[in-house]
Structure formats: C-alpha cells, structure tokens
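Listed below, chain by chain, are the residues.
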Amino acid sequence: MIVDDAGRLVWFRPLADKAAADFKVALYKDKPVLTWWEGKSVAGLAEGEWVVLDSSYRELARFSAANGRHGDLHEFVITPDDTALVTSNETVEWDLTSVGGSRRGRVVGGVVQELSLPSGRLIREWRSLDHVAVDETEIKGKPGPRFDYFHVNSVDVAADGNLLISARNTWAAYKVSRQTGRILWRLGGKRSDFAFGSGARFEWQHDVREHAHDLVSVFDNAASPQEEPQSRALLLALDTKRMRVSLERAYTHRPDPVLSHFLGNAQVLGNGDVFVGWGGAPYLTEFTRGGAIAFDARLPHGGQSYRAFRFPWVGRPANGPALAARAGVLHASWNGATETVSWQLLQGAGAAELRSGPTVPRTGFETVLTPAPQTRRVAVVALDRRGAPLGTSLTIDL
C-alpha cells in the first residue's frame with residue numbers, strides 16, 4: 001500500500017492468498033513505475049513472480065525467474081540498463097563436513113539473475129556456491145536437512161556497474177564483477193577484506209547499498225540469534241585504498257529499542273535523511289541527517305513489512321473515481337489518485353438533470369458527502385488543487 005505524509009491510505013491492492021514484498025518506486029524507460037514481488041514464502045525461502053505497474057496502475061510486466069528457478073522475494077532492482085536484478089536459490093547435494101554435517105548433505109545456495117524486461121529472458125546468472133565456501137557461514141550448530149548457509153537478501157548496482165550482494169548468513173556483503181562473477185572484495189564475515197573500526201561491524205544484516213562518497217548503508221539486524229542489544233541502520237565509510245571501514249553514523253529506534261529478528265531496510269533519501277523499515281518489528285522511521293526523528297509510525301498488530309520506502313509518486317488511475325451510498329450518505333474515493341484535493345458533488349432528480357453541488361475537501365481515502373433532500377441521482381468529480389477536474393464517477397441511484 002501507499003500512504004501519505006500523515007499515514008493516510010492512498011492506494012492498496014489486496015492479493016488474496018499471496019504475500020507481497022519489496023514494494024517500491026523505480027525508473028523503467030525513464031518513467032516512474034511501481035515494482036514488487038508477490039507469491040508465497042515458507043521458512044524464509046519463497047516462490048513467486050515480479051510485477052511492474054505504470055503510474056496509471058496498469059501492468060507493464062509480470063515474470064518469474066529463468067531456468068525454472070524459484071522467484072525469491074528478497075530483491076527486485078531495475079537497473080539503469082532497464083534490466084531486472086532478482087534473487088533465487090537452489091538446493092543441491094553438497095559436502096558439509098567442514099561445518100559439522102554429512103558428506104552428502106543438502107545445502108541452499110544463493111542465486112542472482114539479471115533478466116531482460118519485460119520478457120524475463122536470462123542475461124546472466126551468479127551462484128554463491130561457485131564463489132563462496134560453505135564454511136564462511138556464521139550459522140552455528142549442526143546443519144539441518146536444508147542448510148541455508150548464504151541467504152542472499154539484497155543486490156545493488158554499484159557506481160562502477162558491478163554488483164553488491166548481501167548474504168545474511170555469512171554476515172558479509174560481496175562486491176562482484178557483473179561480467180565474470182568474480183568476488184572483488186568482501187565486507188564483513190569470516191574473510192573480510194576490510195578492517196573494521198569501532199561500532200562498524202554488523203550481523204545477520206539486510207539491504208546493503210552503495211552511495212556517493214564511498215558510503216555504504218546497511219540494516220544491521222544483529223539477530224537472530226541475538227548478537228547485540230538492538231538493531232541499527234548504519235552508514236559506513238569505506239576506504240578502499242587502505243581497506244578499512246569506519247562508522248559514519250548509526251540510527252536506532254527510540255524511545256522503544258527495537259530488535260528486528262528478520263527483514264528490514266535503510267533507505268538514504270536525497271536530502272540526506274535515512275528512512276528505516278524495521279522489518280520484523282512493526283515500525284517505520286525517518287531520521288534526519290543529524291539523527292533526529294522526523295517521522296515515526298507503527299503498523300497495526302500482526303502487521304509487518306519486509307521493506308518500507310519513501311518516494312515521490314504521482315498516481316493517475318486509468319479507472320475513474322468510485323462512489324457509494326449508504327443510509328443517505330455518500331462516500332467518494334479514488335484508489336491511487338494522488339492529486340485529488342477536493343470532491344464536487346453532482347446531484348439531481350435524474351441523470352439528465354445533474355447540477356453542481358457543494359465542493360468538499362478530501363479527508364482521506366474515503367470522503368463523506370451529503371446530498372440535498374429529494375436527490376435521486378448523484379455523481380462526484382475529483383478536483384485538483386486549482387479546482388480543475390481530474391475524473392468523474394459513474395452516476396448512481398440513491
């Protein structure tokens with residue numbers, strides 16, 4: 001769903017028996033679009049497909065992973081080349097004696113695919129088992145029947161065009177050659193190429209992104225199992241000449257400390273603020289550049305969001321406004337319309353006699369309007385901030 005600055009609903013799309021994840025704004029062919037994954041998830045591994053909608057909420061693309069793989073919920077990035085970076089996984093027989101398992105165990109490897117849009121045709125594929133040894137995992141204890149040693153949970157395109165891949169279960173991010181798949185460096189984990197300064201280390205992380213001025217953002221879950229008192233959103237400064245990393249700033253939830261056992265993200269905004277979705281904890285927080293809280297919201301009981309984002313968005317739905325009547329009161333709404341400021345009532349004794357009635361400011365997802373006595377037929381017109389019409393509902397009988 002999309003909500004405004006006050007947390008009021010702007011657009012929603014029920015998915016019945018499926019889940020949605022990684023819902024955000026992207027650029028496709030130089031135009032803003034909405035993208036997400038939808039499907040079903042079991043024990044952190046998922047099977048689904050990715051969706052792209054235009055600003056009128058019309059579907060531009062829907063595709064699944066290539067080579068018969070499962071479409072994983074953890075990432076969907078549209079690159080500057082208008083290709084899609086997505087995640088998948090594979091379960092294969094593997095020698096797990098290095099981590100206390102059997103010689104013929106079952107391991108879950110992370111897979112990253114780059115696909116063409118809108119067809120979903122495979123361009124290239126990266127497999128963690130080709131490049132990252134199983135004993136790099138930070139999982140303690142004897143491997144189970146499906147040993148998820150890596151758990152890829154984010155992919156980012158770096159400024160040099162290569163990939164930055166986050167693996168939750170090795171506590172590491174990997175800079176990977178987009179062309180060859182070779183690992184250029186490791187940030188964190190047992191084989192880190194960087195020395196860490198005070199407070200810069202992370203565990204069980206999500207959402208590793210590269211930014212200008214050699215900054216990297218990380219959502220540091222620090223669980224599960226718990227490694228630190230609370231989760232943090234981190235800005236890390238990388239020195240790739242001396243191979244050192246230092247803590248630029250850490251953001252924690254307050255006054256109630258949050259420990260997010262799964263999910264989560266940290267989005268660096270254009271003004272320097274950091275918007276944090278706390279994943280398994282039901283909070284959304286925007287921090288200013290200096291660390292003050294500019295916005296904080298809590299999801300209802302039972303609600304959780306894999307990631308949460310703040311983006312500019314202009315929605316102009318292809319369908320018109322909706323109008324409903326109950327007990328002589330009208331309810332006007334337009335799912336996804338972001339420019340509606342007020343509603344004008346059209347009313348009369350018949351469809352050919354509708355006349356302009358009062359104009360009522362939009363008060364939320366549904367706005368209440370009251371028709372004049374003896375009114376038999378009504379419609380509403382959505383108006384923008386200048387009073388210009390944006391769309392008109394169907395006419396209904398009272």
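Not measured: the values here are computed from a predicted model. Starting from 1, residues in each chain are numbered consecutively following that chain's sequence as written. Only residues with pLDDT of at least 70 get local features here, since the model is predicted, and only at 80 or more are side-chain atom pairs given and counted; chain-wide, interface and lining totals rely on the full set of residues. Side-chain numbers come from the whole structure's heavy atoms, not from hydrogens or water.

A.B. asks: I would appreciate a short explanation of the pairing of strand S24 (residues 322-326) in the present structure.
C.D. replies: Looking down a regular strand, the side chains alternate between one sheet face and the other. Pairing between strands is defined by DSSP: at least two bridges between them are needed. Here a strand is any run of E in DSSP of at least two residues, a helix any run of H or I of at least four, and the numbering for each starts at the N terminus. Here S24 pairs with strand S25 (residues 329-333) via five bridges, running antiparallel. Bridge pairing in S25 links Ala-325 to Leu-330. If you look at the hairpin formed by S24 and S25, you'll find two residues sitting between the two strands, and Ala-327 has a positive phi there, around 55°.

A.B. asks: Would you mind going over the sheet that holds strand S19 (residues 244-251) with me for this structure?
C.D. replies: Within a sheet, neighbouring strands are paired by backbone hydrogen bonds and run either parallel or antiparallel to one another. Across the sheet, five strands lie side by side as S15-S19-S18-S17-S16; this open sheet has mixed pairing. Of all the strands in the sheet, just strand S15 (195-196) and strand S16 (206-211) have a single pairing partner and so form its edges. Note: strand S17 (residues 215-220) against strand S18 (residues 232-239), six bridges, orientation antiparallel. Residue pairing across strands places Asp-220 opposite Arg-232, the latter belonging to S18.

A.B. asks: Looking at this model, I keep getting lost on the sheet that holds strand S28 (residues 367-369). Mind explaining?
C.D. replies: Read from one edge to the other, the open sheet built from three strands follows the order S24-S25-S28, with strand pairing classed as antiparallel. The two strands at the open ends of the sheet, each matched to only one other strand, are S24 and S28. Across the sheet, the axes of successive neighbouring strands diverge by a mean angle of 30°, strand direction being ignored. Think of each axis as a best-fit line through the C-alpha atoms, taken over the contacting stretch in the case of a helix, with angles from 0 to 180 degrees between the N-to-C directions.

A.B. asks: Would you explain the packing of aromatic side chains in this entry?
C.D. replies: For any pair of aromatic rings, the description consists of the separation of the ring centres together with the inter-plane angle of the planes. When two rings of Phe, Tyr or Trp (its six-membered ring) have centres within 6.5 Å they constitute a pair, described as stacked for plane angles under 30 degrees, edge-to-face for angles over 60, and tilted for the intermediate range. With the rule as written, the count across this model stands at 20 aromatic pairs. Taking 6.0 Å as the distance between ring centres and 45° as the angle between the ring planes, the aromatic pair formed by Trp-126 and Phe-150 counts as tilted. With Trp-126 in strand S10 (residues 122-127) and Phe-150 in the loop between S10 and strand S11 (152-157), this pair connects stretches of sequence that are 24 residues apart. As far as the burial class goes, Trp-126 and Phe-150 line up, both buried. With 6.5 Å between their ring centres and 75° between their planes, Trp-278 and Phe-287 make a pair best called edge-to-face. Accessibility here uses a 1.4 Å probe with only protein chains present; expressed as a share of the type maximum, an area under 20% marks a residue as buried, one over 50% as exposed, and anything in between as partly exposed.

A.B. asks: Explain the nonpolar core to me, please; I cannot follow it from the model alone.
C.D. replies: Within the largest apolar cluster, 22 residues are counted, with the highest numbers of intra-cluster contacts made by Val-134, Tyr-149, Phe-150, Ile-165 and Tyr-174. If you list the elements that add at least two residues to this core, you get strand S9 (105-116), S11, strand S12 (163-167) and strand S13 (172-176). Those residues in contact with Tyr-149, other than ones at most four positions away along the chain, are Val-107, Val-108, Gly-109, Ser-128, Leu-129, Val-132, Ala-133, Val-134, Thr-137, Ile-139, Asn-169 and Thr-170. In these notes, a set of buried Ala, Val, Leu, Ile, Met, Phe, Trp, Tyr and Cys residues joined through side-chain atoms within 4.5 Å is what counts as a nonpolar core. Counting 21 residues, the second-largest nonpolar core is a separate cluster that includes Ala-21, Trp-37, Ala-65 and Leu-73. Residue contacts are counted whenever heavy atoms from the two residues lie within 4.5 Å of one another.

A.B. asks: Would you explain the environment of Tyr-174 in this entry?
C.D. replies: Within the secondary structure, Tyr-174 is located in strand S13. Accessibility expressed as a relative area gives 0% for Tyr-174, which makes it buried. Sequence separation between Tyr-174 and Val-208 is 34 residues, and the spatial gap between their C-alpha atoms is 9.6 Å. Every residue in contact with Tyr-174, bar those within four places of it in the chain, is listed here: Val-132, Glu-136, Phe-150, Leu-163, Leu-164, Ile-165, Ala-167, Ile-183, Trp-185 and Arg-186. A distance of 2.9 Å separates the side chain of Tyr-174 from the side chain of Thr-170, its partner in a polar contact. For the purposes of these results, a polar contact is taken to be a pair of N or O atoms within 3.5 Å, where, inside protein, one atom must be able to donate a hydrogen and its partner to accept one; residues adjacent in sequence count only when each atom of the pair is a side-chain atom.

A.B. asks: How should the pattern of salt bridges be read in this particular structure?
C.D. replies: Where side chains of opposite charge bring their charged atoms close, a pairing between them can arise. When a carboxyl oxygen of Asp or Glu is within 4 Å of a side-chain nitrogen of Lys or Arg, the pair counts as a salt bridge. Taken as a whole, this structure holds 36 salt bridges when the rule is applied. Between Arg-209 and Asp-207 there is a salt bridge, and its shortest N-O distance comes to 2.8 Å. Judged by its relative accessible area of 13%, Arg-209 is buried. Shared partners join several salt bridges into a network, and the residues in it are Asp-22, Lys-24, Glu-75, Asp-156, Asp-207, Arg-209 and Arg-307.

A.B. asks: Please clarify how a nonpolar patch on the surface should be interpreted in this entry.
C.D. replies: Distance thresholds for patches are 9 Å for like charges and 5 Å for nonpolar side chains (Val, Leu, Ile, Met, Phe, Trp, Tyr), applied to residues having over 30% relative accessible area and no salt bridge. Each accessible area value is a Shrake-Rupley result obtained with a 1.4 Å probe; residue values ignore everything except the protein chains displayed when judging cover. The grouping of Met-1, Val-3 and Phe-12 at the surface amounts to a nonpolar patch, some 290 Å² of accessible area in total. Here Val-3 is to be found in strand S1 (residues 2-3).

A.B. asks: Any chance you could explain the pairing of strand S4 (residues 31-42) here in plain terms?
C.D. replies: Where strand S3 (residues 19-28) and S4 come together, eight bridges link them in antiparallel fashion. Bridge assignment links Ala-26 to a residue of S4, and that residue is Val-33. Inspection of the sheet shows S4 paired to strand S5 (residues 45-53) by nine bridges, in the antiparallel sense. In the strand pairing of S5, Gly-39 is matched with Gly-48.

A.B. asks: Could you clarify how one ought to interpret the side chain of Glu-114 in this entry?
C.D. replies: Of note, Glu-114 is situated in strand S9. A polar contact is formed between the side chain of Glu-114 and the side chain of Arg-178, at a distance of 2.7 Å. Each residue touching Glu-114, except ones within four places of it in the same chain, is listed here: Thr-79, Thr-83, Ala-84, Leu-85, Arg-121, Leu-122, Ile-123, Arg-124 and Arg-178.

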